[in-house]
Amino acid sequence: MPLRCILLATANPGKVRELRQLIAEWGPVEVRSLAEVGGFALPSEDAATYRKNAIRKAEAVASATGCPALADDSGLEVVALGGAPGVRSARWAPTDAERVQKLLARLENVRDRRASFVCAVALAWPDGRVETAEGRCEGSIARAPSGQGGFGYDPVFVSADLGMTFGEAPPEAKLRTSHRARALRALGRRLGFGGG
């Protein structure tokens with residue numbers, strides 16, 4: 001079925017910006033945010049996996065609005081922390097700055113700083129159909145934040161592909177290599193949009 005409009009099931013302005021740019025690669029699809037629609041609260045992200053959280057949000061928005069809805073759930077998995085903060089990445093501390101500070105404190109005397117960013121995306125239609133895809137990118141955790149770009153853990157995640165933090169990376173470079181970009185392109189291919 002043709003896809004003419006997608007409602008983004010997120011209240012995160014950084015995610016809205018990135019998702020709009022990535023969906024633009026699919027062709028002429030109108031993309032709207034929850035802020036444009038108003039009056040809708042997302043369900044809690046307390047499922048055990050990124051995929052289940054993404055599906056929960058996308059299905060809730062599609063059902064409530066009658067519009068196909070796209071949601072993502074993503075997280076940072078640090079080897080030395082046993083995969084933490086993982087699916088709880090956005091809830092590990094109250095703000096982005098506090099989350100980064102907590103992460104760096106936990107890794108203060110740790111030599112193995114390998115980490116992965118993981119993203120699951122879900123596109124749900126009002127009729128109950130759901131398509132999902134996942135993306136991952138490898139890297140490590142810097143000793144201190146660097147760069148003013150991105151959001152969340154971006155200033156301390158050193159991308160193995162780019163050799164710099166996502167906070168330092170130009171937006172177009174992050175959009176080529178990030179976990180979210182890989183997940184959206186995989187979903188685009190699944191839907192027949194090519195997806196780069």
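Structure first, text after, so check above.
The sections below set out a description of the structure shown in this document. Here the residue numbers are simple positions, counted from 1 along each chain's written sequence. Where totals are concerned, whole chains, interfaces and linings use all residues; where local detail is concerned, this predicted model gives features only for residues with pLDDT of at least 70, and gives and counts side-chain atom pairs only at 80 or more. To get the side-chain values, all heavy atoms of the structure are used, and hydrogens and water are removed first.

### Structural notes on the overall build of the chain
Thought 1: When its secondary structure is counted, the chain shows 6 helices and 6 strands.
Thought 2: Under the DSSP-based scheme used, a helix requires at least four consecutive residues in state H or I and a strand at least two consecutive residues in state E, with every element numbered from the N terminus. Helices and strands in the chain line up, N terminus first, as β-α-β-α-α-β-α-β-β-β-α-α.
Thought 3: Two things to know: the radius of gyration comes from C-alpha atoms, and the globule rule equals 2.2 Å times the number of residues to the power 0.38. Its C-alpha atoms give the chain a radius of gyration of 16 Å, near enough to 16 Å, the size a compact globule of 196 residues would have.
Thought 4: Along the first, second and third principal axes, the C-alpha atoms of the chain reach 50 × 30 × 25 Å.
Thought 5: Residue burial is assigned from relative accessible area. The probe radius is 1.4 Å, only protein chains are included, and a residue is buried under 20% of its type maximum, exposed over 50%, and partly exposed in between. By residue count, 49% of the 196 residues in the chain fall in the buried class.
Thought 6: Only heavy atoms enter the contact rule, under which two residues are in contact if any of them lie within 4.5 Å. Long-range contacts, defined here as pairs at least 24 residues apart, represent 59% of the contacts in the chain between residues at least 6 apart.
Thought 7: Distance from the positive charge centre (27 side chains) to the negative charge centre (22 side chains) of the chain: 2 Å. In this tally Asp and Glu are treated as negative and Lys and Arg as positive; neither His nor the chain ends contributes. All charge positions are set by atom: Lys at NZ, Arg at CZ, Asp at CG, Glu at CD.

### Some details on the pattern of salt bridges
Thought 1: For this analysis, a salt bridge means a side-chain nitrogen from Lys or Arg found within 4 Å of a carboxyl oxygen belonging to Asp or Glu. Summed over all chains, the structure comprises 14 salt bridges.
Thought 2: Lys-174 is the partner of Glu-18 in a salt bridge, and the nearest nitrogen-oxygen pair spans 2.6 Å. Of this pair, Glu-18 sits in helix α1 (residues 13-23) while Lys-174 sits in helix α5 (residues 171-177), placing them 156 residues apart in sequence. The same class applies to Glu-18 and to Lys-174, which are both buried.
Thought 3: Glu-25 is paired through a salt bridge with Arg-185; the nearest N and O atoms lie 2.7 Å apart. Taken together, the positions of Glu-25 in the loop between α1 and β2 (30-33) and Arg-185 in helix α6 (residues 179-190) put the pair 160 residues apart, joining distant regions of the chain.
Thought 4: Glu-25 sits in the partly exposed class, given a relative accessible area of 38%.
Thought 5: A network of salt bridges, in which partner residues are shared, links Lys-15, Glu-18, Asp-72, Asp-154, Lys-174 and Arg-180.

### Concerning α1
Thought 1: Listed in full, the buried residues belonging to α1 are Gly-14, Lys-15, Val-16, Glu-18, Leu-19, Leu-22 and Ile-23.
Thought 2: Lining the buried residues of α1 we find β1 (5-8), β2, β3 (69-78), α5 and α6.
Thought 3: For α1, the N-terminal cap is Asn-12; the gap from its side-chain oxygen to the backbone nitrogen of Gly-14 is 2.8 Å. As used in this structure description, the phrase polar contact means that two N or O atoms lie within 3.5 Å; if the pair is within protein, one of them must be able to donate a hydrogen and the other to accept it, and residues adjacent in sequence are counted only when both atoms belong to side chains.

### Observations regarding the nonpolar core
Thought 1: In these notes, a set of buried Ala, Val, Leu, Ile, Met, Phe, Trp, Tyr and Cys residues joined through side-chain atoms within 4.5 Å is what counts as a nonpolar core. Membership of the largest hydrophobic core comes to 23 residues, with the highest contact counts inside it found for Ile-6, Ile-23 and Leu-70.
Thought 2: Listed by contribution, the elements that provide at least two residues to this core are β1, α1, β4 (114-124) and α6.
Thought 3: If you tally residues by element for this core, the top one is α6, at 5 residues.
Thought 4: Contacts of Leu-70, omitting those with residues within four sequence positions, involve Ile-6, Leu-7, Leu-8, Ala-9, Leu-19, Ile-23, Ala-122, Leu-123, Leu-184 and Leu-187.
Thought 5: Among the nonpolar cores identified, the runner-up in size contains 18 residues, and Val-78, Val-100, Ile-141 and Phe-157 belong to it.

### Topic: unusual backbone geometry
Thought 1: Cis geometry is adopted by the peptide bond preceding Pro-85, which originates at Ala-84 and carries an omega value of -5°.
Thought 2: Relative to the assigned elements, Pro-85 resides in the loop between β3 and α4 (96-106).

### Quick notes on the packing of α1 against α6
Thought 1: Interaxial distance between α1 and α6 falls to 10 Å at its minimum, and their mutual angle equals 40°. As far as their axial angle goes, α6 and α1 are oblique. For the element pair α1 and α6, the recorded crossing hand is right-handed. The residues of α6 that touch α1, namely those facing Lys-15, Glu-18, Leu-19, Leu-22 and Ile-23, are Arg-180, Ala-181, Leu-184 and Arg-185.
Thought 2: Split by residue class, the contact of α1 with α6 holds 5 nonpolar, no polar and 4 charged. Lines fitted to C-alpha atoms define the axes here, with helix axes fitted over just the stretch in contact, and angles between the N-to-C directions of these axes take values from 0 to 180 degrees. Orientation labels follow simple angle bins: below 35 degrees gives roughly parallel, above 145 gives roughly antiparallel, 65 to 115 gives roughly perpendicular, and whatever is left gives oblique. Rotating anticlockwise by less than a right angle from the far helix to the near helix defines a left-handed crossing, while the corresponding clockwise rotation defines a right-handed one. Throughout this entry, Asp, Glu, Lys and Arg are counted as charged residues, while Ala, Val, Leu, Ile, Met, Phe, Trp, Tyr, Cys and Pro are counted as nonpolar. The remaining residues, Gly among them, count as polar.

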